[in-house]
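# Understanding the architecture of this molecule
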Amino acid sequence: MARYTQKSFTGGELSPSLYERNDLAKYAIGLKTLKNGFVRAEGCVSNRAGLELVCEVKDSSKKVKLIPFSFNTEQTYVIELGHEYARFIKDGAQIINTNNTPVEIVTPYKQQDLFNIKYAQNADVLTLCHKNYVPRELSRNSNYSWGFTPVSFSSNISAPTNVSATWTGGTEHLTTYRYVVTAVREETYEESRRSAVVSVRGELEGYWGTTEYITITFDAVEDAVEYNVYRRINGIYAFVGTTTTTTFRDDKIEPDLSSTAPVANNPFSGMNNPACVNYFQQRKVFGCLKNNPQQLVASQTGTNNNFNVSRPLNSTDSINITLSEREVNEIRHIIAMNDLILLTSGGEWKINGADGSFTATSSIMASPQSFYGCSNVNPVVSGNMIIFVQSGGSVVRDLGYTYVSDGYDGEELSIFANHLFEGKQVVDMAYSKEPYRILWCVMSDGTVNALTYNKKQEVIGWHKHQTKGYFESVTVVREGNEDTAYFVVRRIINGTTKRYIERMASRTVKKTNEGIFLDSALTYSGSPVQNISGLNHLEGQTINILADGCVVENKVVCNGAVHLDYPASKIVAGLPYEFELETLNLENENTHGLSKIVNEININVTKTREDFFLVGTDGSLIQNTRSLNSVNDANYLYSGNISSFAFLNYTKEATVHIKQKYPFPITINSISMDVTVADENA
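The text that follows walks through the structure, step by step, so that each part is easy to find. (Residues numbered from 1 in each chain as written. Predicted model: local features only at pLDDT ≥ 70, side-chain atom pairs only at ≥ 80, totals over all residues. Heavy atoms only, no water.)

## Examining the overall build of the protein chain
Helix and strand content of the protein chain: one helix and 53 strands. Taken along its principal axes, the extent of the C-alpha atoms in the protein chain is 120 × 60 × 40 Å. When burial is assessed residue by residue, the protein chain has 55% of its 682 residues classed as buried. A fraction of 62% describes how many contacts in the protein chain between residues 6 or more apart in sequence connect residues 24 or more apart. About 28,600 Å² of surface is accessible on the protein chain, with carbon and sulfur atoms providing 45% of the total. Counting 61 positive and 73 negative side-chain charges, the protein chain places the averaged centre of each group 4 Å from the other. (Helix = DSSP H or I, 4+ residues; strand = E, 2+ residues; numbered from the N terminus. Buried < 20%, exposed > 50% of the residue type's maximum accessible area, 1.4 Å probe, protein only. Contact = heavy atoms within 4.5 Å. Areas by Shrake-Rupley, 256 points an atom, 1.4 Å probe, with all protein chains shown as cover. Lys, Arg positive; Asp, Glu negative; His and termini not counted. Charge placed at Lys NZ, Arg CZ, Asp CG, Glu CD.)

In structure tokens form, the structure reads like this:
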């Protein structure tokens, strides 16, 4: 007899091709199956929380994309971006007008383009880009008032108007002088475009006396803190001075040719729309212009939409570069790290100035880091690591800076669980940093592959999630002390397609009746009731109910209601799902191919209802016995060791197989097994 103990499950679910590779370190911490549960950084495994119903989408016949909007950690929203509209969700509820209709704005985006929209946020303005649409800005005025306007690619302050110039002095040697004036915005010191050119006849400079000068006047500009005046010389408008008033006197000031008037520039005119956007070193950066998919354009320093330049260039001017590559691979994502990282359809690039400063006058260097390529799924950032989907859609990688190579390198994160990606692609992705550091990947078959990722602690474990329906989109926003995942789930209800937005409940549970472990769930708390109504979204469905900590199974929703056999005051009603965990084959160096039997199982758990199930060799379910404390208190959760027995026979693939089909929390810390190996000659 031998004793096996698995104390950590941080390897997550492993590919069947590794079932015989017990020589790998990953084998000792891996699992054969982990469904509707997740690996925790401490090494244990918990079943996932359920999904609370938020609302049905506006039009269930069309797909919807979820986008996060975070003004700060307290004010976060989920945007329901659908076919030519957007609606808004806050703290698990749809935002409703006083007339009891959802707050909604009109958008130009078609259903087929939703999942290729890229976005970046600065304060309460979210910029959205797609190559087939003019870039737009979504701004929040209040919960009930949202603006959605095309981006104006110009400075945020108007140029002075009614500019005039007069000469004071002699008239013997006349020539023409030309001037332009710009306004400088208060606080940001952003400079406007040039005013209209004004000309005046005056003496040649060589004949100016001490009492001769040109006076330039103009109208005041709102929000201007000062004005810059430029005079034309050799075809260039060079700087001659600054004034805080609406009058400037040029008394033979020598123009500064190193500082010239801004030249209006809009690289996106003529529907040359960018496809992606982000911010880097106080600049707004756009990439993948429709006419040049390898082009990258950055705004002036400290501005969002000002792409003006000067001649000669100033360091703060707009930047415009094009990647030089063998193939024309479009820029798909822009990520701001210590350097600007571009993920293209064919490779990964590092962009920065030679001196580490991203300016118009520095030597901008574009250096390829690797050549895996990236899909259109928006990447996420975990700490100092970028996680992205490779161009084929079926491989997940990370990318981060390494000191040794002074470059960016990474690993294939899905390599040990490639069976979860075989024949399907990642269509949407989001990352929950707290409390469990989980990457949610919505797959093309409607399932979710999730990754617990903590690079520094070497925690990289995959798990799969299913529901009675099809996952289509995911996003994550901060709510309270946790990052909360929202999903679009397509379900068939009474033969009709419904698309629901559902929010993952908190997994922090101290009592049975505090947990939500049902999907598309609604909750009730109040005076004891037996009739549960308001379940129209699950009409005709067989649901489970958690009533005061006790499970009620197989109730069919009729006319939006079900009837309990007894009154309850704290109720959760929704679609059941099953948690499943199975260990890898119990093997040591010389037991491959030998029959084995598991005699006894000891499972260490935390905050768990003990009446979960063990699966026998023949597939039968054996339910654990509840403790006396649990029998006397339906809300009691047990922590400690549970000795379990199952109907197990000799088999060459001996495992421990655990299921929980009830809406109760389960957290498994370790599993110990006494195993008998049959004589190889028997």
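## Observations concerning the pattern of salt bridges
Evaluated as defined, the whole model comprises 34 salt bridges. One salt bridge in this structure joins Lys32 and Glu653, with 3.9 Å as the shortest N-O distance. Here Lys32 is found in strand 3 (residues 30-35), whereas its partner Glu653 is found in the loop between strand 51 (638-644) and strand 52 (657-660), with 621 residues between them in sequence. Overall, Lys32 belongs to the buried group, its relative accessible area being 9%. When the shortest N-O distance is used, the salt bridge between Arg609 and Asp611 registers 3.0 Å. Neither residue differs from the other here; Arg609 and Asp611 are each classed as buried. Salt bridges here are not isolated pairs; linked through shared partners, they connect Lys35, Glu578, Glu580 and Lys659. (Salt bridge = Lys/Arg side-chain N within 4 Å of Asp/Glu carboxyl O.)

## A look at the sheet that holds strand 34 (residues 396-402)
Within a beta sheet, neighbouring strands are joined by backbone hydrogen bonds and run either parallel or antiparallel to one another. The antiparallel open sheet is built from four strands, whose spatial order is 32-33-34-35. Only two strands of the sheet have a single neighbouring strand rather than two, namely strand 32 (380-382) and strand 35 (407-409). Direction aside, neighbouring strands of the sheet carry axes that sit 30° apart on average. By the bridge criterion, three bridges tie strand 34 to strand 35 in an arrangement that is antiparallel. Along strand 35, the bridge assignment pairs Thr402 with Gly407. (Pairing = 2+ DSSP bridges. Axes fitted to C-alpha atoms, helices over the stretch in contact; angles between N-to-C directions.)

## Overview of empty space enclosed by the protein
Scanning the entire structure with this criterion turns up one cavity of 30 Å³ or more. If you add up the space inside the largest cavity, you get close to 40 Å³. Forming the boundary of the largest cavity are Ile79, Leu81, Ala86, Ile105, Thr107, Leu128, Leu138 and Phe148. Of the residues in the lining of the largest cavity, the class split is seven nonpolar, one polar and no charged. (1 Å grid on protein atoms, 1.4 Å probe; cavity = no way out; pocket = protein on both sides within 12 Å on 5 of 7 lines; lining within 4 Å. Points joined across faces, edges and corners; volume = space filled by probe spheres on them. Nonpolar A, V, L, I, M, F, W, Y, C, P; charged D, E, K, R; others polar.)

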